[in-house]
Amino acid sequence: HAEMRRAEHEFGVGYVVKRLRGIYPTYALGIAASLGTRVWLRGVGALPSGVDLLTHAALLQAWVPPVAERGLGYLTHTWFLSCLVPYWLCFGGIFRAIQALSDRAVLCVAGIAATAAPLTYAVAAAGNPEWYKAHHHGHTGDGVDALVGLVKFHPAAYLHVFVLGCTLARVR
């Protein structure tokens, strides 16, 4: 909502860098604290793999669901920060598209965004509403494991929430 009220808008990479400056120092401190705690409590052997650590440091963990599931100790919930980066990159286009819509069209987009995930899930789970129970935490051994990880963490699975927020800011 605050972005919509500004006279000048910053989008693209500059917008992402500005946002990262606000979150990354604290996030990096959290990574360091989490790793330090792991070493202190369980020893050096408990450190995550280099790939997992780099994936988290680059804010890419949501793009690799098994890495997000394994987490970095106390930072398992920060997977959503890695979703924000592509949303911030898309914000300018989404913002301009929503600004160009009529009020009725904005409400239609909001309705679609609000119902997309539940409807998709209902159709996908038809006949077996507990399909996800075959998932093994942190594994990608079969289609169910991969799909559950994607539904839980991947940025595409939450894009409707971002779009809904943008439409609600416009309606407000």
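Residues numbered from 1 in each chain as written. Predicted model: local features only at pLDDT ≥ 70, side-chain atom pairs only at ≥ 80, totals over all residues. Heavy atoms only, no water.

### Here we look at the overall build of the chain
Then comes step 1: A tally of regular secondary structure across the chain gives eight helices and zero strands.
Then comes step 2: Listed N to C, the secondary structure of the chain is α-α-α-α-α-α-α-α in terms of helices and strands.
Then comes step 3: Residues classed as buried in the chain amount to 35% of the 172 residues present.
Then comes step 4: For the chain, contacts bridging at least 24 residues in sequence account for 64% of all contacts bridging at least 6. (Helix = DSSP H or I, 4+ residues; strand = E, 2+ residues; numbered from the N terminus. Buried < 20%, exposed > 50% of the residue type's maximum accessible area, 1.4 Å probe, protein only. Contact = heavy atoms within 4.5 Å.)

### Here's the deal with the packing of aromatic side chains
Then comes step 1: For the structure on display, the rule yields ten aromatic pairs.
Then comes step 2: Where Y15 meets F91, the ring centres are 5.2 Å apart and the plane angle is 10°; that geometry is what we call stacked. Remark: F91 occurs in helix α5 (residues 79–100) and Y15 occurs in helix α2 (residues 13–42); sequence separation between them is 76 residues. Of the two residues, Y15 and F91, both sit in the buried class.
Then comes step 3: Ring centres 5.5 Å apart and planes at 40° place the aromatic pair F91 and F95 in the tilted group. Remark: F95 and F91 occur in helix α5; sequence separation between them is four residues, near one turn of the helix.
Then comes step 4: On the basis of relative accessibility, which here comes to 9%, the residue F91 falls in the buried class. (Phe/Tyr/Trp six-rings, centres within 6.5 Å; stacked < 30°, edge-to-face > 60°.)

### Remarks on α5
Then comes step 1: With 22 residues, α5 should cover 32 Å at 1.5 Å per step; its first-to-last C-alpha distance of 32 Å lies within 8% of that length.
Then comes step 2: At C90, α5 shows its maximal bend, which comes to roughly 45°. (Expected span 1.5 Å × (residues − 1). Bend = angle between axes of the 7 residues up to and from the residue.)

### Observations concerning the confidence of the model for the chain
Then comes step 1: With 87% of its residues at a pLDDT of 70 or more, the chain shows a mean pLDDT of 83.
Then comes step 2: No element of the chain has a lower mean pLDDT than helix α1 (residues 2–5), at 54, and none a higher one than helix α3 (residues 50–57), at 92. (pLDDT = per-residue confidence, 0-100.)

### Some words on unusual backbone geometry
Then comes step 1: Phi is positive for L59, close to 55°, though the residue is something other than glycine.
Then comes step 2: Note that L59 resides in the loop between α3 and α4 (65–70).

### Some details on the packing of α5 against helix α8 (residues 159–171)
Then comes step 1: One can describe the packing of α5 onto α8 by two numbers: an axis separation of 10 Å at closest approach and a directional angle of 45°. The pairing of α5 with α8 is recorded here as oblique in orientation. Taken as a pair, α5 and α8 cross one another with a handedness that is right-handed. Of the residues in α8, those in contact with Y87, F91, I94, I98 and Q99 of α5 are L159, F162, V163, C166, T167 and R170.
Then comes step 2: Across the contact of α5 with α8, the residue classes break down as eight nonpolar, two polar and one charged. (Axes fitted to C-alpha atoms, helices over the stretch in contact; angles between N-to-C directions. Parallel < 35°, antiparallel > 145°, perpendicular 65-115°, else oblique. Left-handed = near helix turned anticlockwise from the far one by under 90°. Nonpolar A, V, L, I, M, F, W, Y, C, P; charged D, E, K, R; others polar.)

### Overview of the state of the cysteines
Then comes step 1: Applying the stated criterion to the full structure yields zero disulfides.
Then comes step 2: Left unpaired, C90 is separated from the closest cysteine sulfur, that of C166, by 10.0 Å.
Then comes step 3: C166 gets classed as buried once you look at its relative accessible area, which sits at 7%. (Disulfide = S-S within 2.5 Å.)

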